[in-house]
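# Remarks on the overall topology
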Amino acid sequence: MIPAQSGPVGVGRFDDEHYPAYTMGRAADMLGTSQNFLRSLDGAGLIEPQRSAGGHRRYSRHQLRIAARVRELVDQGTAVDAACRIVSLENQLHEAQHRDVARQLQR
C-alpha cells in the first residue's frame, strides 16, 4: 500500500523509496539484467512488485536495491534461489539488529 501524500499530486513521491515508479522494462535496464530475472525474484517471493491497473509489474527503488544485491551474488556464481535466500536472511538480520538498537535506546 502506498502511503497518502500531502500537497500537490506527486510531491513527496520522489523521496518515497517504496513508491512503485519503475516498469519492469526500465527496472531490468537499470539493473542490466533481463525481465525474466525480475520475474524469478517475484516467483521466489523475494520481491512482490505492485501491479498497474493494466496488470503490469511496477518496482520501487527499495525493491531494485534488493534485486541488485541478488544480481551481485548471482554474478559471483551463486544460484538465483540461493541468492534469494541469502538476501532474505540478510534482511532478517538487519531488521533484528534495528529492533535491538531501538530497544537499547529505550532503556
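Residues numbered from 1 in each chain as written. Predicted model: local features only at pLDDT ≥ 70, side-chain atom pairs only at ≥ 80, totals over all residues. Heavy atoms only, no water.

### Notes on the side chain of R57
Note on placement: R57 falls in strand β3 (residues 57–59). A distance of 3.0 Å separates polar atoms of two side chains, one belonging to R57 and the other to D42. Beyond its immediate chain neighbours, meaning those up to four positions away, R57 contacts Y22, T23, M24, R39, D42, P49, Q50 and R51. (Helix = DSSP H or I, 4+ residues; strand = E, 2+ residues; numbered from the N terminus. Polar contact = N/O pair within 3.5 Å; in protein donor to acceptor, adjacent residues only side chain to side chain. Contact = heavy atoms within 4.5 Å.)

### A short note on helix α1 (residues 24–31)
A turn of α-helix holds 3.6 residues, and therefore any two residues three or four places apart point the same way. Inspection of α1 places M24, A27, A28 and L31 among the buried residues, and these make up the whole buried set. Down the axis of α1, the buried side of the element spans an arc of 100 degrees, and every buried residue falls inside it. Two residues or fewer past α1, G32 is found with a positive phi of approximately 70 degrees. (Buried < 20%, exposed > 50% of the residue type's maximum accessible area, 1.4 Å probe, protein only. Arc of directions from axis to C-beta.)

### What about the sheet that holds β3?
Sheets are built from strands that pair by backbone hydrogen bonding, the pairs being arranged parallel or antiparallel. Taking strand neighbours across the sheet as the criterion, the three strands line up as β1-β3-β2 in an open arrangement whose pairing is antiparallel. For this open sheet the edge positions go to β1 (22–23) and β2 (50–51), each flanked by a neighbour on one side alone. With two bridges connecting them, β2 and β3 associate as antiparallel partners. Counterpart to R51 in the pairing with β3 is R57. Sheet strands in contact with helix α3 (residues 61–75) are β1 and β3, and its direction is about 85 degrees off that of β3. (Pairing = 2+ DSSP bridges. Axes fitted to C-alpha atoms, helices over the stretch in contact; angles between N-to-C directions.)

### Concerning the pattern of salt bridges
For the structure on display, the rule yields six salt bridges. For R69, the salt bridge goes to E90, with nearest N and O atoms at 2.7 Å. Within this pair, whereas R69 is found in helix α3, its partner E90 is found in helix α4 (residues 80–106), the two being separated by 21 residues in sequence. The exposure class of R69 is partly exposed, given its relative accessible area of 24%. Owing to a relative accessible area of 30%, E90 belongs among the partly exposed residues under this scheme. The structure contains a network of salt bridges with shared partners spanning D42, R51 and R57. (Salt bridge = Lys/Arg side-chain N within 4 Å of Asp/Glu carboxyl O.)

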